[in-house]
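Chain by chain, the residues:
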Amino acid sequence: MSREEVFIGAIDQGTTSTRFIIYDKSAKPIGSHQAEFTQFYPEAGWVEHDPMEILESVRLCIAKALDKATADGYNVDSGLKAIGLTNQRETTLLWSKSTGCPLYPAIVWMDARTSSICRKLEKELPGGRTHFVETCGLPISTYFSAVKLLWLMENVDAVQAAVKKGDALFGTIDTWLIWNLTGGINGGLHVTDVSNASRTMLMNLKTLDWDKTTLETLGIPAEILPKIISNSEVIGKIGQGWPIPGVPIAGCLGDQHAAMVGQACRKGEAKSTYGTGAFILLNTGDEIVQSNHGLLSTLAFKLGPKAPTNYALEGSIAIAGAAVQWLRDSLGIINSAGEIESLALQVDSTGGVYFVPAFNGLFAPWWRDDARGVCIGITRFTSKAHIARAVLESMCFQVKDVLDSMHKDAGEKGEVKNEKGEFLLRVDGGATVNNLLMQIQADLLGSPVVRPADIETTALGAAYAAGLAVGVWKEDEIFASGEKVETPTIFRPILGEELRKKKVDSWCKAVTRTFDLADLSI
Ligand SMILES: Nc1ncnc2c1ncn2[C@@H]1O[C@H](COP(=O)(O)OP(=O)(O)OP(=O)(O)O)[C@@H](O)[C@H]1O
Ligand SMILES: [Mg+2]
């Protein structure tokens, strides 16, 4: 039996789980492993990860996926040409250059402990919340790495001491993984890619370098920052002590940017990824579009040191699939995430219930860290099936709010439509297996939703970036994949326009109810 001997691997280090997926030359997954890791909630609104546990999850996933592919007869040991890396973005940590030990747990992107730092900056800086928007495309928010770094420098003695001694290294999760994978204390590379860097608030979107003025304004020492590289280039080789020593790491992108590449989103095309949160990105080509409607300007991707830069408009939603996990883990209404679909299908509407999962505030397009979750319209008639359905609707309404902003910002000319004049939303991520969720999404948008056969497009995008750098794939092949995805499923709207409008009005009422609830007493 002859087997294709060229393989590309992808590490997908997400918020709730890590995956390693091995692809063959036709971009078909031939082996994978996924491992969940611990979420720490030390205080209300705080979320932390253990950086060492994340490293171990990566090690385990690589080893197990290799074992599976090898057991299936694939000669991965000699055929693995490179790996790509993609990761949860904004999550921030500092570690010691000399010992390799983290100086504090990683502060996760959705953690809201920095709200008082944000308030203070907004008060002190001209332009308030939008002070840095012109430079980095982002408003001041608890979401981004810079404010998490400020919190660490202000509150953790070990961080202060290490920064003073010149022993501190700052990184997002990509930086932490690459430093460890390429040797750690024995010469590990201290780098980040343009997409991850674009989420720190510290990178200048035009120059793609750390912005000196921003660093000075915030008092962040440049020495602790990694070098910024492109999304697709040979970065370095995996060191001894890992399951695949000597294999080049040839691609690195934040998860949402990788999903864009995996979905082959060209200028004017958008995708929505439904994982822990939901993230909608529209490729705006070489133009940095500043939003007037609560969206972020960010990097889309830069596939090579000399490749053109693609920018994006982004709407970030903090809680999507995480609300399903909350039903499972905190309320026990369902036993597995998958069960939400059959439970919600027991009823044909939410019975007038609207749920807004503003657990740690609301991101786009509202940017309210004083918001907290609400569930309105509850009566004696309300059942857990109604609540389950309202949770699914909440994911779709949030995506709709972002897309409405996007249509306003990018206008008619910025978006590609099909021959029927429809704007197609490409979807991916773990929650998109849920057909009911997809149908609700199409109904609430009033336009079609397209789901590819392989919904793990985040990992696929990282594999594409790595394969591109080592010559396994060409850019044309990757971006032609939009046309050749195996049998995508298209969900078309069937809900009447009048009911849709009424539901949207009720949702808007529910959203306004979430504001100014962060200080409710216990
Ligand atoms: N059938 C389902 N219906 C609705 N939600 C689901 C379903 N199955 C999984 N989910 C949700 O999808 C999420 C998992 O998706 P995915 O595996 O893409 O996330 P992740 O990669 O761990 O997180 P992230 O990429 O956001 O860091 C979980 O939050 C889970 O609750
Ligand atoms: Mg993911």
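This structure is a prediction, so every number in the text was calculated from the model and none was measured.

### So, the sheet that holds strand β23 (residues 489-491)
Here's step 1: Overall, mixed pairing links the seven strands, which are arranged β17-β18-β16-β15-β21-β22-β23 in an open sheet. Taken across any chain shown, the strands that pair with only one partner, and hence form the sheet edges, are β17 (296-301) and β23. When strand polarity is set aside, the average angle formed by the axes of neighbouring strands in this sheet is 30 degrees.
Here's step 2: Those strands touched by helix α13 (residues 384-410) are β15 (270-274), β16 (278-285), β18 (310-317) and β21 (425-428), and its axis lies near 145 degrees from that of β18.

### Observations regarding the nonpolar core
Here's step 1: Judged by nonpolar contacts, the single largest core of 144 residues is most densely connected at Leu 94, Met 203, Ile 220 and Tyr 274.
Here's step 2: Here this core gets 14 residues from one element, more than from any other, and that element is α13.
Here's step 3: Beyond its immediate chain neighbours, meaning those up to four positions away, Met 203 contacts Thr 135, Cys 136, Val 194, Ala 197, Ser 198, Leu 208, Asp 209, Trp 210, Asp 211, Ile 228 and Leu 299.
Here's step 4: Grouped together as the second largest cluster of nonpolar side chains are 39 residues, Ile 30, Phe 37, Val 58 and Val 247 included.

### Here we look at the pattern of salt bridges
Here's step 1: The tally for this structure, following the rule as stated, stands at 21 salt bridges.
Here's step 2: For Asp 404, the salt bridge goes to Lys 400, with nearest N and O atoms at 2.6 Å. Here the residue Asp 404 and the residue Lys 400 both occupy positions in helix α13, the gap between them amounting to four residues, near one helical turn.
Here's step 3: Judged by relative accessible area, which is 28%, Asp 404 ranks as partly exposed.

### Quick notes on the domain arrangement of the protein chain
Here's step 1: When its domains are assigned, the protein chain resolves into domain 1 (7-255) and domain 2 (264-269 + 318-451 + 492-522).
Here's step 2: Between the two partners, domain 1 and domain 2, sit one salt bridge.
Here's step 3: A salt bridge links Asp 369 to Arg 119, with the nearest nitrogen and oxygen atoms 3.0 Å apart.

### Observations concerning the pairing of strand β1 (residues 7-13)
Here's step 1: Along β1, seven of the seven residues are buried, which leaves the element largely enclosed by surrounding structure.
Here's step 2: Neither face of β1 is exposed, since Phe 7, Gly 9, Ile 11 and Gln 13 on one face and Ile 8, Ala 10 and Asp 12 on the opposite face are all buried.
Here's step 3: Pairing analysis gives seven bridges linking β1 to strand β5 (residues 80-87), with the strands arranged parallel. Paired with Asp 12 across the bridge in β5 is Thr 86.
Here's step 4: In terms of strand pairing, β1 meets strand β2 (residues 17-24) through seven bridges, oriented antiparallel. Each residue of the ladder has a partner; that of Ile 11, found in β2, is Phe 20.

### Concerning the site of ligand 1
Here's step 1: Near ligand 1 there are 19 residues, and of these Thr 15, Thr 16, Arg 19, Thr 276 and Gly 430 occur at the shortest range.
Here's step 2: Measuring from an oxygen atom of ligand 1, one finds a side-chain N or O atom of Thr 16 at 2.5 Å.
Here's step 3: Contact distances for ligand 1 include 3.5 Å between an oxygen atom and a side-chain N or O atom of Ser 17.
Here's step 4: Considering ligand 1 on its own, with 650 Å² of exposed area, one finds that the protein chains cover 89% of that surface.
Here's step 5: It is helix α11 (residues 321-331) that provides the largest number of residues to the shell around ligand 1, a total of four residues.
Here's step 6: In terms of residue class, the shell around ligand 1 is built from six nonpolar, 12 polar and one charged.
Here's step 7: Residues lining the shell around ligand 1 come from more than one domain, with at least three contributed by each of domain 1 (7-255) and domain 2 (264-269 + 318-451 + 492-522).

Cut-offs used in this document
Numbering of residues begins from 1 in every chain and follows the order in which that chain's sequence is written. Working convention: letters from A go to chains and numbers from 1 go to ligands, in the order in which they are written. Residues qualify for local features only when their pLDDT is at least 70, as the model is predicted, and side-chain atom pairs are given and counted only at 80 or more; totals for whole chains, interfaces and linings, by contrast, use all residues. Each side-chain value is worked out from all heavy atoms of the structure, with water and hydrogens disregarded. Pairing between strands requires that DSSP locate at least two bridges from one strand to the other. Runs of H or I in DSSP of at least four residues are treated as helices and runs of E of at least two as strands, each being numbered from the N terminus. Note on method: axes are straight lines fitted to C-alpha atoms, helices fitted across the in-contact stretch only, with angles between N-to-C directions ranging 0 to 180 degrees. Contacts between residues were defined by any pair of non-hydrogen atoms, one from each residue, lying within 4.5 Å. The term nonpolar core refers to a set of buried residues drawn from Ala, Val, Leu, Ile, Met, Phe, Trp, Tyr and Cys, joined through side-chain atoms within 4.5 Å. Using a 1.4 Å probe on the protein chains alone, a residue whose accessible area is under 20% of its type maximum counts as buried, one over 50% counts as exposed, and one in between counts as partly exposed. Here a salt bridge means any side-chain nitrogen of Lys or Arg lying within 4 Å of a carboxyl oxygen belonging to Asp or Glu. For each domain, the first and last residues come from an automatic or database assignment. Proximity criterion: a residue is near a molecule or strand once any of its heavy atoms comes within 4 Å of it. Polar contacts, as used here, are pairs of N or O atoms within 3.5 Å; protein pairs need one atom able to donate a hydrogen and one able to accept it. Residues neighboring in sequence count only if both atoms are side-chain atoms. Note that accessible areas follow from Shrake-Rupley with a 1.4 Å probe, and for residues the cover is restricted to the protein chains shown. Classification used: nonpolar for Ala, Val, Leu, Ile, Met, Phe, Trp, Tyr, Cys and Pro, charged for Asp, Glu, Lys and Arg, polar for all others including Gly.

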